[in-house]
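# What the coordinates show
Here is what each chain is made of, one letter per residue.
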Amino acid sequence: MNGTDQFYVFLVGICCGVAGGLMYDLICLIRAAVAKRPVVIVTDILFCIAFAGLYLAASVSCSFPDLRFYSFLACVLGFLLYLKSLHKIVAFFAKKIYNGMKQIRRGRNRCPEKEAQVSPM
C-alpha cells in the first residue's frame, strides 16, 4: 500500500467519523426524549454497533486491505472535527426549528387579522 492509498484510507476514515457524529446527534434525540439511565446505556451500545457497521461497510465497499491504526485515528479525528464545527451548525438549526415548532404549537404565529376575517359557519 503506497502513500496515496494510505491518504485515501485516511480521508475515508475522516468521512466515517463525521458520519458517526451525525449518527450520534440523531441518537441523542432519542436519548433526550427519554432521559433514563437504561435508555442512555442502550443508545450508546446501539451507536457503537451502528458506527462499527458504518466503518465496516465503508471499508468493504472501498476494499481496504486491513484495519490500521491511522484509520482508527482518522475516525476519531473526523468525529472530533464534526463536534467542533458542524455540530454547532446543526445544533443552531435544530434549536431554531424546535423554537419555531414550539411557537406554532402555542399559537403565537397565527395572524389575528386573518382569524378575524374568517367567519364561523
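Going by the structure above, here's the rest.
In this report, the structure presented in the accompanying data block is examined. (Residues numbered from 1 in each chain as written. Predicted model: local features only at pLDDT ≥ 70, side-chain atom pairs only at ≥ 80, totals over all residues. Heavy atoms only, no water.)

Turning next to the overall build of the protein chain. The helix and strand inventory of the protein chain stands at 4 helices and 0 strands. Considering the protein chain as a whole, with its 121 residues, one finds that 21% of them fall into the buried category. The long-range share in the protein chain, meaning contacts at least 24 apart out of those at least 6 apart in sequence, stands at 74%. Accessible area of the protein chain: about 9100 Å², with a carbon and sulfur share of 70%. (Helix = DSSP H or I, 4+ residues; strand = E, 2+ residues; numbered from the N terminus. Buried < 20%, exposed > 50% of the residue type's maximum accessible area, 1.4 Å probe, protein only. Contact = heavy atoms within 4.5 Å. Areas by Shrake-Rupley, 256 points an atom, 1.4 Å probe, with all protein chains shown as cover.)

Right, let's get into the packing of aromatic side chains. The relative placement of two aromatic rings is captured by the distance of their centres and the angle of their planes. Counting across every chain of the model gives 6 aromatic pairs. Ring geometry for Tyr24 against Phe79: centres 5.9 Å apart, planes inclined by 75°, an arrangement best described as edge-to-face. With a gap of 55 residues between them, Tyr24 in helix H1 (residues 3–33) and Phe79 in helix H3 (residues 69–106) connect regions that are remote in the sequence. For Phe79, a relative accessible area of 19% puts it in the buried group. Centroid distance Phe69 to Phe72: 6.4 Å. Interplanar angle 45°. Geometry classified as tilted. One end of the pair, Phe69, and the other, Phe72, are both in helix H3, 3 residues apart, so they sit about a helical turn from each other. (Phe/Tyr/Trp six-rings, centres within 6.5 Å; stacked < 30°, edge-to-face > 60°.)

Counting residues in hydrophobic clusters, the biggest one holds 12 residues: Val9, Val12, Cys16, Met23, Ile27, Phe47, Phe51, Tyr55, Ala58, Phe64, Cys75 and Phe79. Elements with a minimum of two residues in this core: H1, helix H2 (37–61) and H3. In this structure Tyr55 touches Cys16, Phe64, Leu67, Ser71 and Cys75, once residues within four positions along its chain are discounted. (Core = buried A, V, L, I, M, F, W, Y, C linked by side-chain atoms within 4.5 Å.)

Let us now look at the packing of H1 against H3. At their nearest, the axes of H1 and H3 sit 6 Å apart, and the two run at 45° to each other. With respect to each other, H1 and H3 are oriented oblique. As H1 runs across H3, the sense of the crossing is right-handed. Its residues assigned to classes, the contact of H1 with H3 comprises 16 nonpolar, 8 polar and 1 charged. (Axes fitted to C-alpha atoms, helices over the stretch in contact; angles between N-to-C directions. Parallel < 35°, antiparallel > 145°, perpendicular 65-115°, else oblique. Left-handed = near helix turned anticlockwise from the far one by under 90°. Nonpolar A, V, L, I, M, F, W, Y, C, P; charged D, E, K, R; others polar.)

As a further point, take H2. The end-to-end C-alpha separation of H2 is 36 Å, in line with the 36 Å expected for 25 residues at 1.5 Å each. Downstream of H2 by one or two residues, Ser63 has phi in the positive range, about 50°. (Expected span 1.5 Å × (residues − 1).)

On to a nonpolar patch on the surface, then. Taken together, the side chains of Phe69, Phe72, Leu73, Val76 and Leu80 define a hydrophobic patch exposed on the protein surface, amounting to about 510 Å² of accessible area. Looking at the element boundaries, Val76 is found in helix H3. (Patch = residues over 30% accessible without salt bridge, like charges linked within 9 Å, V, L, I, M, F, W, Y side chains within 5 Å. Salt bridge = Lys/Arg side-chain N within 4 Å of Asp/Glu carboxyl O.)

For the rest of this paragraph, the subject is the packing of H1 against H2. At a closest axis distance of 10 Å, the pairing of H1 and H2 adopts a crossing angle of 155°. By the angle between their directions, the pair H1 and H2 is classed as roughly antiparallel. At the point where H1 passes H2, the crossing takes the right-handed sense. Between H1, through Val12, Cys16, Gly17, Ala19, Gly20, Met23, Tyr24, Ile27, Ile30 and Arg31, and H2, the contact on the second element is made entirely by Val40, Thr43, Asp44, Leu46, Phe47, Ala50, Phe51, Leu54, Tyr55 and Ala58. Partitioned by chemical class, the residues of the contact of H1 with H2 number 15 nonpolar, 3 polar and 2 charged.

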